[in-house]
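Now for the letters of each chain:
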Amino acid sequence: MKAVATRISEVQIIEPDVREDDRGSFFESYNERTLARFGISGPFVQDNQSFSQRDVVRGLHYQIRQPQGKLIRCLSGEIFDVAVDLRRHSPTFSLWIGQTLSAGNRRMLWIPPGFAHGFMVLSKSAEVLYKTTDFYAPEYERTILWNDAAIKIDWPHKNRAILSAKDLAGTTLQSAEVYEQMGQLVENTPARAVVR
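Rules used throughout
Residues numbered from 1 in each chain as written. Predicted model: local features only at pLDDT ≥ 70, side-chain atom pairs only at ≥ 80, totals over all residues. Heavy atoms only, no water. Helix = DSSP H or I, 4+ residues; strand = E, 2+ residues; numbered from the N terminus. Rg over C-alpha atoms; globule rule 2.2 N^0.38 Å. Buried < 20%, exposed > 50% of the residue type's maximum accessible area, 1.4 Å probe, protein only. Contact = heavy atoms within 4.5 Å. Areas by Shrake-Rupley, 256 points an atom, 1.4 Å probe, with all protein chains shown as cover. Lys, Arg positive; Asp, Glu negative; His and termini not counted. Charge placed at Lys NZ, Arg CZ, Asp CG, Glu CD. Pairing = 2+ DSSP bridges. Axes fitted to C-alpha atoms, helices over the stretch in contact; angles between N-to-C directions.

*Asks:* Before we go on, may I ask you to explain the overall build of the protein in this structure?
*Replies:* Scanning the protein from terminus to terminus reveals two helices and 13 strands. Compactness check: the protein gives a C-alpha radius of gyration of 16 Å against a globular reference of 16 Å for 196 residues, within 12% of the reference. Expressed as lengths along the three principal axes of its C-alpha atoms, the size of the protein is roughly 55 × 40 × 30 Å. Counting every position in the protein, which comprises 196 residues, the buried fraction comes to 51%. Relative to all contacts within the protein whose residues are 6 or more apart in sequence, the contacts with residues 24 or more apart total 79%. Accessible area of the protein: about 9,700 Å², with a carbon and sulfur share of 48%. Considering the protein, the positive charge centre built from 24 side chains and the negative charge centre built from 23 side chains are found 3 Å apart.

Next comes the structure, spelled out in structure tokens:
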């Protein structure tokens, strides 16, 4: 297993060491000790799994309290997975990372607490599994619009996106609650959009 850096140092692509022969393949999809060497530590307290059709977008979601670190992998199909930095005092505030995850490339994406997360399905369908470092808390869940002009995510099939009513009603980054300090709720504090 190895970690590949992204332009946001805390967000990492994890590539497993796959052993293949004429019988098939084998790899470790999770190893606590190895991930700890990459700076990824739990405890992981919850696994979430979703099944979605082509062009479905889920996100951009985060919890303003009980922020969740997420280790994401695609079990079947292919997705474009996105993390957006919502830590106001971070030098990468409002920047995003996008990574294609698929059953074929077997990559995982580590998104630490303090980020919004979303994905778009690129294949006919996809099954996604992710581990979280804190429990789901619906009262603290927030949604930023998937296509907010201040963030400028380059979604692959943006003209065909299929979203839930909840995700369509998301807020802009400009008016979103963001993290002043990890775990601290910032009420009615508008974000300062970074112009690129």
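*Asks:* Sorry, what's going on with the sheet that holds strand 2 (residues 12-15) here?
*Replies:* Strands pair in a sheet through their backbones, by hydrogen bonds, and they do so in one of two ways: parallel or antiparallel. Here six strands make up an open sheet; going across it, the order is 1-2-10-7-12-5 and the pairing antiparallel. Sheet topology places strand 1 (2-5) and strand 5 (46-53) at the edges, where each strand pairs with a single neighbour. Across the sheet, the mean angle from the axis of one strand to that of its neighbour is 25°, orientation sign disregarded. Relative to strand 12 (residues 125-132), strand 5 runs antiparallel, the two being bridged by eight bridges. Bridge pairing in strand 12 links Ser52 to Ala126.

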